[in-house]
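# Results of the structural survey
Below, each chain spelled out in residue letters.
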Amino acid sequence: MRFRKFLSPSGDLGTLHGEDLLPKGLKRVRFSACLTTEYPFKPTKSNFATSPTHSQHTTPQALHGLYEAACRNREELMFPIFLTQAHQHTRYLTHLDFTNHPIDRKTAEPLADVLCLEFGLRHLILERCELEDETVKLLLHSLMVTNTLEELSLSFNPKLKTQGFKYIAIYIKGSQKLKKLDLSCTLPDKKAIGYIAQSLAKIEGSEAPSLETLLLQSCRLSLPHLKVLSAGVRASACLRHLSLMYNRITHQSAIWVGVMLRDYDDLRHPQQGLESLMLDGNEIKQGIQSITQALRRNQRLRSLSLSGCRIDADGCKWIGEALVRCIDVGLVANRE
């Protein structure tokens, strides 16, 4: 099957162009008066490139005191896991892991106050935290102010709805440091995936997002999701690694996986495309033919994982014929 009839100049991104992913979409947050001078957030380039007016990193010890003051000011109980991890570091608090610790809006407010401060945070894991849309909005705004985070995990947060994914998309588009984002085991609808796809696209006259790795494993993605996502992947100047493991990709929706891999006939975005794609655990079956058609001329893909995709002997033959370049293809557990 040929792909060209499925493609339009803007793919499915055009339907979202009226809903700009601007920083003003995230809630304006002020520092607590007891912490420092108020810094109202203004959606300008400087907000992404620089931290608030702090010439030095805030040490974990100082952060502890500031967090206690924020909790007192808001009359909220402290989040014990944050204090524990702050105590474990002496100079820089580069990594925070709140896995399995629920964070509601009240807990998030004092956390958001201190996340506005520069203390060296690079990796933040919010896995299984029962996050909801407004909580994510608070936390992502603060992370955007400092703009130091390189890796973020929001996996296993099924309470996130469409609006929450819009906030995530705003953060992707505004961040200049974020390299890896894990949204596995969340439940985005088609519109939510549309926001994510739009955030990946390079807009003429603006700086490209920095995101290189996106994990969307076990998100129940099917044909409508993939149709929208494929447009964003093709228009991305940054994304290099994509995992779609354990979704609902069938022989019918595999056509849109093939669209993602067509990096050879888009004059608007030369020399851009995925370097690795993980499709394990999807019942692609005969749909592998649609993918191999794109593989024949793909310029950038170096790793393709297809474990457990129920590919039969004919499918393996099509893959072999398509591999004119040295691509590492995982074919484990395809016993058929």
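First, a word on scope: everything that follows refers to the structure included in this document.

Two side chains that carry opposite charge are able to pair once their charged atoms sit near each other. Under the defined criterion, the tally for this structure stands at 12 salt bridges. Between E130 and K159 there is a salt bridge whose closest N-O contact spans 3.8 Å. Residue E130 is located in the loop between β2 (123–125) and α5 (133–146), and its partner K159 is located in the loop between β3 (151–153) and α6 (162–174); the two are separated by 29 residues in the primary sequence. Three or more residues are tied together by salt bridges with common partners; here these are R74, R105, E109, D113 and E134.

Next up on the list: the environment of L261. Looking at where L261 falls in the secondary structure, it is placed in the loop between α9 (254–260) and β7 (276–278). Separated by 28 residues in the primary sequence, L261 and V233 have C-alpha atoms spaced 8.8 Å apart. Apart from residues no more than four positions distant in its own chain, L261 is found in contact with L274, L277, I291, A294, L295, N298 and L301.

Turning our eyes to something else, we now look at the packing of α6 against helix α7 (residues 190–200). The description of two packed helices rests on the angle between their axes and on the distance between the axes. At their nearest, the axes of α6 and α7 sit 8 Å apart, and the two run at 5 degrees to each other. On the basis of their axis angle, the class for α6 and α7 is roughly parallel. Contact with α6, carried on its side by T162, F165, K166, I168, A169, I172 and K173, involves K191, A192, Y195, I196, Q198 and S199 of α7 and no other residues of that element. Grouping the constituent residues of the contact of α6 with α7 by class yields 7 nonpolar, 3 polar and 3 charged.

Before going further, it helps to spend a moment on the environment of Q299. Assignment of secondary structure puts Q299 in the loop between α10 (288–295) and β8 (303–305). Judged by its relative accessible area of 39%, Q299 is partly exposed. Put simply, Q299 and R262 are 37 residues apart on the chain and 8.6 Å apart in space, counted from C-alpha to C-alpha. Separated by 2.9 Å, the side chain of Q299 and the backbone oxygen of R297 make a polar contact.

On to unusual backbone geometry. Peptide bonds are, in most cases, trans, and in most cases residues other than glycine have a negative phi. With a phi angle near 55 degrees, R128 is a residue other than glycine that sits in the positive phi range. Residue R128 is classed as partly exposed on the basis of its relative accessible area of 37%. Not every positive phi belongs to a glycine, and F156 is a case in point at roughly 60 degrees. Within the secondary structure layout, F156 lies in the loop between β3 and α6.

What counts and what doesn't
- Residues numbered from 1 in each chain as written.
- Predicted model: local features only at pLDDT ≥ 70, side-chain atom pairs only at ≥ 80, totals over all residues.
- Heavy atoms only, no water.
- Salt bridge = Lys/Arg side-chain N within 4 Å of Asp/Glu carboxyl O.
- Helix = DSSP H or I, 4+ residues; strand = E, 2+ residues; numbered from the N terminus.
- Contact = heavy atoms within 4.5 Å.
- Axes fitted to C-alpha atoms, helices over the stretch in contact; angles between N-to-C directions.
- Parallel < 35°, antiparallel > 145°, perpendicular 65-115°, else oblique.
- Nonpolar A, V, L, I, M, F, W, Y, C, P; charged D, E, K, R; others polar.
- Buried < 20%, exposed > 50% of the residue type's maximum accessible area, 1.4 Å probe, protein only.
- Polar contact = N/O pair within 3.5 Å; in protein donor to acceptor, adjacent residues only side chain to side chain.

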